[in-house]
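# A closer look at the structure
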Amino acid sequence: MMAKAARAAAAWRTYREVTKPGSPGLMTRVRAIPRMVGAVMRGQYAGMGKSKLAMLGLGVVYILSPVDVVPDFLVMIGVVDDFGVFLWLAATLLGESGRYVEHERHVIQARLVEEEG
């Protein structure tokens, strides 16, 4: 029950962050994910380490994998663990990609200031 409440709270925090005025919107964040992954892999974005990226990759593999830690034939438990991983993955990706979009904006602004000066 405690884990369910924590997942719900994480989902709510993500929703509030995505809908906050001035914050990158949902589609902006989603489109930024491939750029963020590439920047992390090239070492061009220090805001997220390769180990965290690997954990996110494992989350994707877990969701897509036909093999589960908790089998789906234990209907409620098996589906809930997949959903919990999905919520964690979505919340983490949206949060991280939002920070990455802000990072891109700062880099672009710095370049513009540098060119003007």
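In case you missed it, the structure is sitting above this.
Residues numbered from 1 in each chain as written. Predicted model: local features only at pLDDT ≥ 70, side-chain atom pairs only at ≥ 80, totals over all residues. Heavy atoms only, no water.

### Some details on helix α2 (residues 26-42)
Relative to the 24 Å expected for 17 residues at 1.5 Å per residue, α2 spans 25 Å between its end C-alpha atoms, a close match to the ideal helical length. Along α2, the sharpest change in direction is near 40° and occurs at I33; proline P34 comes one to four residues later. Taken residue by residue, α2 has R29, A32, I33, M36, G38, A39 and V40 as its buried positions. One or two positions beyond α2, positive phi appears at G43, with a value near 75°. (Helix = DSSP H or I, 4+ residues; strand = E, 2+ residues; numbered from the N terminus. Expected span 1.5 Å × (residues − 1). Bend = angle between axes of the 7 residues up to and from the residue. Buried < 20%, exposed > 50% of the residue type's maximum accessible area, 1.4 Å probe, protein only.)

### Some details on the environment of K52
Secondary-structure assignment places K52 in helix α3 (residues 50-64). Look at K52 and you get partly exposed, because its relative accessible area is 33%. Residues in contact with K52, not counting those within four places in the same chain, are T92 and E96. A polar contact of 2.7 Å, which involves the side chain of K52, links it to the side chain of E96. (Contact = heavy atoms within 4.5 Å. Polar contact = N/O pair within 3.5 Å; in protein donor to acceptor, adjacent residues only side chain to side chain.)

### Considering the environment of L93
Checked against the element boundaries, L93 lands in helix α4 (residues 75-116). On the basis of relative accessible area, L93 is assigned to the buried category, the value being 18%. A C-alpha to C-alpha distance of 7.9 Å links L93 and L56, two positions 37 residues apart in sequence. Once residues within four sequence positions are removed from consideration, L93 is found in contact with I33, M36 and L56.

### Comments concerning the pattern of salt bridges
Any two side chains of opposite charge can pair, on the condition that their charged atoms come close. Summed over all chains, the structure comprises four salt bridges. E104 serves as the salt-bridge partner of R35, at 2.8 Å between the closest nitrogen and oxygen. With R35 in helix α2 and E104 in helix α4, this residue pair connects regions lying 69 residues apart in the sequence. Residue classification places R35 among the partly exposed positions, given a relative accessible area of 37%. Between E96 and K52 there is a salt bridge; the shortest N-O distance is 2.7 Å. Taken together, the residues span a long stretch of sequence, with E96 in helix α4 and K52 in helix α3 at a distance of 44 residues. (Salt bridge = Lys/Arg side-chain N within 4 Å of Asp/Glu carboxyl O.)

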